[in-house]
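As a plain string of letters, each chain reads:
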Amino acid sequence: MSKHIQAPVATVKPHELTAHNHTRIDNYFWLNDREDQEVIDYLNAENAYYEAETAHTKAFQTDLFEEMKSRIKEDDSSVPYFYNGYYYITRFEKGKDYPIFSRKKESLEAEEEIMFDCNVMAEGQSYFHLRGINVSEDNQWVAFGVDTVSRREYTLQVKNLITGELSPISIEKTTGSSTWAADNQTLFYSRKDEVTLRADKIYKHKLGTPIEQDVLVYFEEDDTFDTHIFKEKSRKYLVIGSESTLTSEYRILESNNPDGEFRIFQERVREVEYNISHYNGHFYIMTNLDDADNFKLMQCPEDKTGVEYWVELIPHREEVLLEGVDIFKDYLVISERSNGLVHLKIQPWDKNQEAYYLPFESETYNAYTGTNLDFDTEILRYGYQSMNTPSSVIDFNMRTREKEVKKEQEVLGTFDKNNYVEERIWATAKDGIKIPMSIVYKKGMKKDGTNPFLQYAYGSYGYSMEPYFSTTRLSLLDRGFIYAIAHIRGGEDMGRQWYEDGKLLEKWNTFDDFIACSEYVIAEGYTSAEHLYAEGGSAGGLLMGVVVNKRPELYNGVIAQVPFVDVMTTMLDDTIPLTTGEYDEWGNPNEKEYYDYMLSYSPIDNVKAQDYPNMYVSTGLHDSQVQYWEPAKWVAKLRVMKTNDKQLYLDTNMEAGHGGASGRFEALKEVAKEFAFMFDLEGINA
């Protein structure tokens, strides 16, 4: 490792931040101005330092990129799904970074109609993302959103699918999503606040009229809520949803009456969540009403939607989390989670027929319902994968119980799933709770403490980390790494209580669980502190920041992607995107109890003079979720506080945002950087 390159040291400009008669000194507050050339110069200096220090790994990074790319079928295509007279297909062509969205009328043998070739649309752009493809019911118009900055602000446009012409309308600052009314002329869409990027407004646009005449249909005044609009699967109703972390509310309007008034389905009640599905004169409501933490299913007539009319269909269960329902003409498909795994239950509407579960045999896996837009079908499309089994798309006949694998992810090269072993193991947290981990490794692994081991987790927002298959991960496994997903509290992996026990004033459980998992794999001989690596991004980057402060000696290296590490400053600034909507997750630091608790773990506020592990920190200059200055300030502080000379890198993508690079292959270059960082520390150079 070259040591003659001087690490950049950020200028100290003390800035006082006072709340609750407590003052914090932020020496690097000035870094939060991306328009300031001094800030750009500092980020460029950090990038130059990273590039110079890792120059000896560049050839290996290229090899890793080519290796990972070589496993991907470049001329790949999705399984077509049928909707409203057309088969819809997403495909990739060899050597191209972006998808092509197409459709075929009535038959897969019909001529292909290309709706969007994103490779053409992305020409000249350093970043490109298209989302929210929304076709009118007469199949003539398609609305879509495009982001060329990576700030999740989409410009909404409309294309005529008959003529191929783009409509002159171009609506800025939207979420990219929209929905058509049944008249095929009225388009509803959601817009964002220019400062906070909160989706707070629903507008109505009539084709052929100027944007200035668009009507504001709904404004969400509560700054802890976001709003969106969609059409029910039955197509009868347009639905405006308003949601915060803990509370939801819906408004409905018949799709054939776009100029009518939306009416409240059930007004919001603090900490009551619900969502709605329409079928055959009734709405079906999944809700946590009356302390049903794991949710229950209820039903009401479509003309009497208040909570007083809700009748229970599936009761709340202590050990089973109700995750979702898919409604078909003759069947109700229920997605449940118990003991950390998903189960799919088929329940006929005909009471004379028995309900049953789809059989899954693996010890750890991920199953999920897929794109099921058609009401009148007995075919359920679902997906299945595990840590050593590539993902499959399966069509299951709910009447005959026959299944057809429509597609299994093709892994090019010499991949054989039988060469890899997957396990579910359980660590014991400091409060005695058992924490599941899904792990995978190459057959023949010995528990002698010498295996390099990458432990990943997220642990926030009730987001369950499924044991998924990854082709890029094979580059780790084939070089002797064990890979683990720690299903820590803060996610919903073990039910709703798992989430409740890892948020707000219980957030320390998330961090302690991760540490307990690390201690367990070391104690069991899977690895040792000399070979253990931790990885997390965004809220998982917060996790990384906390564990390196509390137990730095447990890890040889840490990868923190777009990390949320300046918790106090961000959560006290309600002009920053997402802040107010986050109060239900982290707490509102304007209240002293939450301020004190959040201050106890906020990574940047708890950096101290101690030895830290090797660290690779990545961010994007245009990140809308976690602002670039959080990791920049964190690294600046670590540089002057840490007491050893282990690696510390800040790698800023000056053109991207929260999701990183937009091309399917460009993203592999970022993975190659992370892998090369760990391989270099392990002395693996090929």
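Residues numbered from 1 in each chain as written. Predicted model: local features only at pLDDT ≥ 70, side-chain atom pairs only at ≥ 80, totals over all residues. Heavy atoms only, no water.

Colleague: Tell me about the overall build of the protein chain, and please be specific about residues and values.
Modeller: Secondary structure assignment for the protein chain yields twelve helices and 37 strands. Rg of the C-alpha trace for the protein chain: 26 Å, near the compact-globule value of 26 Å for 686 residues, within the 12% margin. In terms of overall dimensions, the protein chain has a C-alpha envelope of 70 × 55 × 50 Å along the principal axes. Across the 686 residues in the protein chain, those meeting the buried criterion constitute 57%. For the protein chain, long-range pairs separated by at least 24 residues make up 56% of all intrachain contacts whose partners lie at least 6 apart in sequence. Total accessible area on the protein chain is roughly 28000 Å²; 46% of this is exposed by carbon and sulfur atoms. (Helix = DSSP H or I, 4+ residues; strand = E, 2+ residues; numbered from the N terminus. Rg over C-alpha atoms; globule rule 2.2 N^0.38 Å. Buried < 20%, exposed > 50% of the residue type's maximum accessible area, 1.4 Å probe, protein only. Contact = heavy atoms within 4.5 Å. Areas by Shrake-Rupley, 256 points an atom, 1.4 Å probe, with all protein chains shown as cover.)

Colleague: Give me the lowdown on the pairing of strand E11 (residues 186–192), citing residues and values where you can.
Modeller: The element E11 is extensively covered by neighbouring structure, given that six of its seven residues are classed as buried. Of the strand pairs in this sheet, strand E10 (residues 171–180) and E11 are connected by four bridges, and their pairing is antiparallel. Of the residues in E11, the one forming a bridge with Trp180 is Leu187. The antiparallel pairing of E10 with E11 creates a hairpin that spans five residues between the two strands, and Asn184 there sits at a positive phi of about 65°. Across seven bridges, the pairing between E11 and strand E12 (residues 199–206) is antiparallel. For Leu187, the partnering residue across the bridge sits in E12 and is His205. Counted between consecutive antiparallel strands, the loop separating E11 from E12 contains six residues, among which Leu197 sits at a positive phi close to 65°. (Pairing = 2+ DSSP bridges.)

Colleague: How would you explain the pattern of salt bridges if you had to name every residue and give the values?
Modeller: One pass over the full model with this rule turns up 50 salt bridges. A salt bridge links Asp200 to Arg198, with the shortest nitrogen-to-oxygen separation between them at 3.9 Å. The partner of Asp290 in a salt bridge is Lys296, and the shortest N-O contact between them spans 4.0 Å. Connected via shared salt-bridge partners are Arg91, Glu93, Lys96 and Glu112. (Salt bridge = Lys/Arg side-chain N within 4 Å of Asp/Glu carboxyl O.)

Colleague: Hey, could you go over the sheet that holds strand E29 (residues 403–408) for me, with residue numbers and the actual values?
Modeller: If you walk across this open sheet you meet the four strands as E26-E27-E28-E29, and the pairing is antiparallel. Looking at strand neighbours, the two that pair on one side only are strand E26 (366–369) and E29, the edges of this open sheet. When the angles between neighbouring strand axes are averaged without regard to direction, this sheet yields 25°. As judged from the four bridges shared by E26 and strand E27 (residues 379–386), these two strands associate in the antiparallel manner. Paired with Asn366 across the two strands is Gln385, which belongs to E27. (Axes fitted to C-alpha atoms, helices over the stretch in contact; angles between N-to-C directions.)

Colleague: Provide a residue-level description of the packing of helix H6 (residues 508–523) against helix H7 (residues 539–550), including the pertinent values.
Modeller: Across the interface, H6 lies against H7 with an axial gap of 10 Å and an inter-helix angle of 65°. One way to sum up the angle between H6 and H7 is to call them roughly perpendicular. For H6 against H7, the interelement crossing comes out right-handed. Packed against H6, whose contacting residues are Trp508, Thr510, Phe511, Asp512, Phe514 and Ile515, the element H7 presents Leu542, Leu543, Met544, Val546, Val547 and Lys550 at the interface. (Parallel < 35°, antiparallel > 145°, perpendicular 65-115°, else oblique. Left-handed = near helix turned anticlockwise from the far one by under 90°.)

Colleague: Summarise the side chain of Gln157; cite the residues concerned and give the values.
Modeller: Structurally, Gln157 can be placed in strand E9 (residues 154–160). Residue Gln157 is classed as buried on the basis of its relative accessible area of 19%. Beyond its immediate chain neighbours, meaning those up to four positions away, Gln157 contacts Val142, Ala143, Phe144, Val146, Leu166, Ile169 and Ser170.

Colleague: Before we move on, could you go through a negative patch on the surface and cite the residues and values that matter?
Modeller: A cluster of acidic side chains, namely Asp291, Asp293, Glu318 and Glu319, defines a negative patch on the protein surface. Inspection of the secondary structure puts Glu319 in the loop between strand E21 (311–314) and strand E22 (321–327). Overall, Glu319 belongs to the exposed group, its relative accessible area being 65%. (Patch = residues over 30% accessible without salt bridge, like charges linked within 9 Å, V, L, I, M, F, W, Y side chains within 5 Å. Lys, Arg positive; Asp, Glu negative; His and termini not counted. Charge placed at Lys NZ, Arg CZ, Asp CG, Glu CD.)

Colleague: So what's going on with unusual backbone geometry? Which residues, and what values?
Modeller: One non-glycine residue, Arg235, adopts positive backbone phi at about 70°. Along the chain, the position of Arg235 falls in the loop between strand E14 (226–231) and strand E15 (237–243). Residue Arg235 is classed as partly exposed on the basis of its relative accessible area of 26%. The phi torsion at Asn280 lies on the positive side, around 50°, for a residue other than glycine.

Colleague: Could you give an account of H7, with specific residues and numbers?
Modeller: Every α-helix carries 3.6 residues per turn, so stepping three or four residues along brings you back to the same face. Over its twelve residues, H7 extends 17 Å from the first C-alpha to the last, a length consistent with the 16 Å expected when each residue adds 1.5 Å. Listed in full, the buried residues belonging to H7 are Ala539, Gly540, Gly541, Leu542, Leu543, Met544, Gly545, Val546, Val547, Val548 and Asn549. (Expected span 1.5 Å × (residues − 1).)

Colleague: If you had to explain helix H1 (residues 37–53) to someone new, which residues and values would you point to?
Modeller: Compared with the 24 Å implied by 1.5 Å per residue over 17 residues, the 24 Å span of H1 between its first and last C-alpha is a close match. Regarding H1, the residues found buried are Val39, Ile40, Tyr42, Leu43, Glu46, Asn47, Tyr49, Tyr50 and Glu53. Between the side-chain oxygen of the N-cap and the backbone nitrogen of Glu38 there are 2.9 Å, and the N-cap of H1 in question is Asp36. (Polar contact = N/O pair within 3.5 Å; in protein donor to acceptor, adjacent residues only side chain to side chain.)

Colleague: Let's hear about the sheet that holds strand E32 (residues 453–456): which residues, and what values?
Modeller: Taking strand neighbours across the sheet as the criterion, the eight strands line up as E30-E31-E33-E32-E34-E35-E36-E37 in an open arrangement whose pairing is mixed. The open sheet has two edge strands, strand E30 (420–428) and strand E37 (648–653), and neither has a second partner. Within this sheet the neighbouring strands show an average axis-to-axis angle of 20°, counted without direction. Here four bridges tie E32 to strand E33 (residues 482–486), and the two strands are oriented parallel to one another. Paired with Tyr456 across the strands is Ile485, a residue of E33. Here H6 sits on the sheet and contacts E30, strand E31 (434–442), E32, E33 and strand E34 (532–537); the angle it forms with E30, its principal contact strand, is near 120°. Across the sheet, helix H11 (residues 629–641) lies against strand E35 (557–561), strand E36 (614–620) and E37, angled at about 160° from E37, the strand it touches most.

Colleague: An account of the packing of aromatic side chains is requested, with residue identities and associated values reported.
Modeller: Enumeration over the complete set of coordinates arrives at 44 aromatic pairs. Judged by centre distance (5.1 Å) and plane angle (45°), the ring pair of Phe360 and Tyr365 falls under tilted. On the accessibility criterion, Phe360 (18% relative accessible area) is buried. Looking at Tyr365, the relative accessible area reads 2%, which means it is buried. Through a chain of ring-to-ring contacts, three or more aromatic side chains come together here, namely Phe230, Tyr237, Tyr250, Phe265, Tyr274, Phe283 and Trp310. Here the basic side chain of Lys69 rests over the ring of Phe665, its NZ or CZ set 4.8 Å away from the ring centre. (Phe/Tyr/Trp six-rings, centres within 6.5 Å; stacked < 30°, edge-to-face > 60°. Lys NZ or Arg CZ within 6 Å of the ring centre and 35° of its normal.)

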